[in-house]
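If you want the building blocks of each chain, they are given just below.
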Amino acid sequence: MTIYRSPFHDTKLPSTNAYTFTTSNPNNAPDSQVLLIDALTKKRITYGEWKRDTRRFATGLVNNGFKRGDVVAVFSFNQYDYSIVVFAPILLGGIVTTVNSAYTVPELIHQLEDSGATFIVTHPELLATAVEAAKKVGIPPQRIYLFGEEAVNGFKPYSSIFPPLSTPESQLAQPVNLDGEPAATTTAVICYSSGTTGKSKGVELTHLNLCSNAAQVSPTDSDMTPLQTVHLAVLPLYHIYGIQMCMNVAIFNASTTVVLPKFNPVDFLQAIQEFKVQTMNLVPPQILMLVKAPIVDKYDLSSVRRITSGAAPCPPELSVALVQKFPHIYFRQGYGMSELSPVSHAGLYTSPVHGSIGVVAPNCEVRLVDPETGMDAAPGQSGEIWVRGPNVMKGYRNNPKATAETIDKDGFLHTGDIATVDRHGHFFIVDRMKELIKYKGFQVAPAELEAVLVANPEIGDAAVIGVENKAEATEVPLAFVVRAPGSTITEQQVSDYVASKVANHKKLRGGVRFVEIIPKSAAGKILRKDLRALVAQEKAT
Ligand code: 4UW
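Residues numbered from 1 in each chain as written. Predicted model: local features only at pLDDT ≥ 70, side-chain atom pairs only at ≥ 80, totals over all residues. Heavy atoms only, no water.

**A short note on the overall build of the protein**
Looking only at helices and strands, the protein features 15 helices and 25 strands. The globule rule puts the C-alpha radius of gyration for 541 residues at 24 Å, and the 23 Å found for the protein is close to it. Considering only C-alpha atoms, the protein reaches an extent of 70 × 55 × 55 Å along its principal axes. Taken across its 541 residues, the protein has 59% of its residues classed as buried. Of all intrachain contacts in the protein linking residues separated by at least 6 positions in sequence, the fraction that spans at least 24 positions is 70%. With the model as given, the accessible surface of the protein reaches about 21800 Å², and the carbon-plus-sulfur share is 54%. Of the charged side chains in the protein, 49 are positive and 50 negative, and the gap between their average positions amounts to 2 Å. (Helix = DSSP H or I, 4+ residues; strand = E, 2+ residues; numbered from the N terminus. Rg over C-alpha atoms; globule rule 2.2 N^0.38 Å. Buried < 20%, exposed > 50% of the residue type's maximum accessible area, 1.4 Å probe, protein only. Contact = heavy atoms within 4.5 Å. Areas by Shrake-Rupley, 256 points an atom, 1.4 Å probe, with all protein chains shown as cover. Lys, Arg positive; Asp, Glu negative; His and termini not counted. Charge placed at Lys NZ, Arg CZ, Asp CG, Glu CD.)

Structure follows, in structure tokens:
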């Protein structure tokens, strides 16, 4: 059996409470250093204030009935103080589940129910959705708190449950001691992912998972510059890429993080220029914008030193164009998956290999396995990436079957991604065998859209696949639809129907095609590869 390992030495695994680890401050941020800046309002929070307010919120939660193991759902687009809300339950030995802010009521209900959330922190703009979903799952209104400083319709800011500022530190909640084994068994975060198949599932990540992955990424990060940088958090903080890179790792690395509530080119470029941003984690469509959009030339981006791309493939032509246009920028790709906390591979800024997702992260063991034979892929051939390491999730919440289908008895997690590796250990993703579609880095689960489609009485059967949209450097979902007998439903009606039921990023941007029959295997599984082949064939002719 061939196992690929990191060119870096294994790192010591920090088996402790993730709050304790993140604030252990190995990079010496003084309490007076600014930790967070709201890019739009310019409000700031220092390291000292962040630690104090995280403990004040934790204290407030306990005073309102929060117990160890309880779950807080955070349902918001980016807020500069988002990490305070995330780390308060974590320090108490509780759990945070971060929710996509575009979710509709049914999508939110699913996550609240499945995670077992009993508290919600949301934004006034999303309050109506949160209240409706909370009612359905029995979360009382007094356990719904808001970001911001204003009460809305009787719902109060989360800071309203803080004890007074004069409260002595000794009376604020302390991080629960999880040193050793408890860090490996105690869930800290549940993020939602469809994994390799089916609908969205709760990925349980432990304190050890989160701490380990930050420690694993660190050596690949620090190969060139000091860690303390001005970092831009433009990725959604509810996604694992944002949770780890823009919060956990950024705090651990003593960065100052500028937080952008939502991505739009003007605010993004303005924030880089104004705050002299040095490091950013991005997704490929944002790289495309930096390369192509004329507006970029109006801004001074000379402060930027490092850009990482991940969550979806970044074609080599795109990253080459980026570094040609901005020669002062070092670029690398990383590769991750919610179930891997998330990073298993990262490139090195100083020796970029365009098109590669990088080398194996320390403490990870990787196999490339031929999906047909279950044996090691022959040298030079592609295979499915299997990963074993301290960053592999505890499992899917309430779903031992899906867990067993994803993590084998030897502890390897089967990613569903197909890759090759060169003789220097650089990995290249060449295909995806799982069902997942990535729209601008956001997950779209075909099974979920298919369930929405077939719930419409005008639709007899349906299948969804991802197709490439080169102009936007992303995949988009395309639906194949069989009309129900007698139905005259149109493409537009199908698109509008789906758009009314799901979050914006799941819309059928790849279009709708009517077919007579959906190709299926004898076992009734949709033969997506046949549909993909059909699209490829049409493209070729
Ligand atoms: N190239 C091709 C890539 C790549 C990719 C991911 O939504 P999830 O579960 O998770 C993520 C996490 C991404 C991530 C986090 C932290 C980090 O540093 C980093 O590198 C910079 C990336 O996306 O989706 C997982 C799936 O997304 C695809 C792949 O199919 C994977 O299984 N994916 N990164 N560089 N595809």
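**With respect to the site of the ligand**
The full set close to the ligand counts 25 residues, and Gly 334, Ser 338, Asp 417, Lys 434 and Lys 438 are the nearest of them. Between the ligand and His 239 there is a distance of 2.8 Å, counted from an oxygen atom to a side-chain nitrogen or oxygen. The side chain of Lys 434 places a nitrogen or oxygen atom 2.6 Å from an oxygen atom of the ligand. When the free accessible area of the ligand is taken as 680 Å², the share hidden by the protein chains comes to 98%. When residues in the shell around the ligand are grouped by element, the largest group, four residues, is from strand 13 (residues 330-336). (Near = heavy atom within 4 Å. Polar contact = N/O pair within 3.5 Å; in protein donor to acceptor, adjacent residues only side chain to side chain.)

**Topic: the packing of aromatic side chains**
Scanning the entire structure with this criterion turns up 13 aromatic pairs. Between Tyr 4 and Phe 427 the ring centres are 5.6 Å apart and the planes differ by 85°, which places this aromatic pair in the edge-to-face class. Here Tyr 4, found in the segment before helix 1 (18-22), pairs with Phe 427, found in strand 20 (residues 427-432); they are 423 residues apart in sequence, far enough to count as distant. We classify Phe 427 as buried; its relative accessible area is 0%. Ring geometry for Tyr 19 against Trp 50: centres 6.1 Å apart, planes inclined by 10°, an arrangement best described as stacked. A residue pair is termed long-range when its members are at least 10 positions apart, and Tyr 19 in helix 1 and Trp 50 in helix 2 (residues 47-63) qualify at 31 residues. Comparing Tyr 19 with Trp 50 shows no difference in burial state: the two are buried. What links up through ring pairs into an aromatic cluster is the set Phe 57, Tyr 82, Tyr 145, Phe 147, Tyr 158 and Phe 162. Over the ring of Tyr 396 we find Lys 201, and its NZ or CZ is 5.4 Å from the ring centre. Above the plane of the ring of Phe 77 lies Lys 262, whose end atom (NZ or CZ) is 4.2 Å from the centre. (Phe/Tyr/Trp six-rings, centres within 6.5 Å; stacked < 30°, edge-to-face > 60°. Lys NZ or Arg CZ within 6 Å of the ring centre and 35° of its normal.)

**Examining the sheet that holds strand 19 (residues 413-421)**
Pairing is antiparallel across the open sheet formed by four strands, whose spatial order is 16-17-19-20. Of all the strands in the sheet, just strand 16 (365-369) and strand 20 have a single pairing partner and so form its edges. Between one strand axis and the next, the sheet turns through 45° on average, direction left out of account. (Pairing = 2+ DSSP bridges. Axes fitted to C-alpha atoms, helices over the stretch in contact; angles between N-to-C directions.)

**Here we look at the pairing of strand 13**
Most of strand 13 sits out of view: five of its seven residues are buried. By the bridge criterion, four bridges tie strand 12 (residues 306-309) to strand 13 in an arrangement that is parallel. What sits directly across from Thr 308, in strand 13, is Arg 332. For the crossover from strand 12 across helix 11 (residues 316-325) to strand 13, the handedness is right-handed. Summarising the sheet, strand 13 and strand 14 (residues 343-346) pair through three bridges and their orientation is antiparallel. (Right-handed = clockwise from strand over helix to strand, strands pointing away.)

**Details of the environment of His 426**
With respect to the secondary-structure elements, His 426 resides in the loop between strand 19 and strand 20. Note on His 426: relative accessible area 16%, which makes it buried. Considering only alpha carbons, one finds His 426 and Pro 14, 412 residues apart in sequence, at a separation of 27 Å. Contacts of His 426, omitting those with residues within four sequence positions, involve Val 353, Ser 356, Gly 358, Val 359, Thr 420 and Val 421.

**A closer look at the side chain of Lys 201**
Among the secondary structure elements, Lys 201 is positioned in strand 8 (residues 201-206). Despite its burial, Lys 201 pairs with no opposite charge; the closest candidate is Glu 339, at 6.6 Å N-O. A polar contact is formed between the side chain of Lys 201 and the backbone oxygen of Lys 199, at a distance of 3.2 Å. With near-sequence residues (within four places) excluded, Lys 201 lies in contact with Cys 191, Tyr 192, Ser 193, Ser 194, Tyr 396, Asn 399 and Ala 402. (Salt bridge = Lys/Arg side-chain N within 4 Å of Asp/Glu carboxyl O.)

**Structural notes on unusual backbone geometry**
Residue Pro 342 follows Ser 341 across a cis peptide bond; omega there is -5°. With respect to the helices and strands, the residue Pro 342 is situated in the loop between strand 13 and strand 14. Despite not being glycine, Ala 254 has its phi angle at roughly 60°, a positive value. Phi is positive for Asn 363, close to 65°, though the residue is something other than glycine. Assignment of secondary structure puts Asn 363 in the loop between strand 15 (359-360) and strand 16.

**Here we look at the pattern of salt bridges**
Throughout the structure, instances matching the rule amount to 27 salt bridges. For Glu 475, the salt bridge identified is with Arg 432, shortest N-O distance 2.9 Å. One end of the pair, Glu 475, is in strand 24 (residues 474-483); the other, Arg 432, is in strand 20, and 43 residues separate them in sequence. For Glu 475, a relative accessible area of 21% translates into the label partly exposed. The network of salt bridges with common partners includes Asp 417, Arg 432, Lys 434 and Glu 475.

**Remarks on helix 9 (residues 265-275)**
The complete set of buried residues in helix 9 reads Phe 268, Leu 269, Ala 271, Ile 272 and Phe 275. Each buried residue of helix 9 lies within a common arc of 160° when the element is viewed along its axis, so the set occupies one face. Against strand 1 (34-38), strand 2 (44-46), strand 9 (230-233), strand 10 (256-259), strand 11 (279-282) and helix 10 (284-292) lie the buried residues of helix 9. Among the residues trailing helix 9, Lys 276 stands out with phi positive, at a value near 50°. (Arc of directions from axis to C-beta.)

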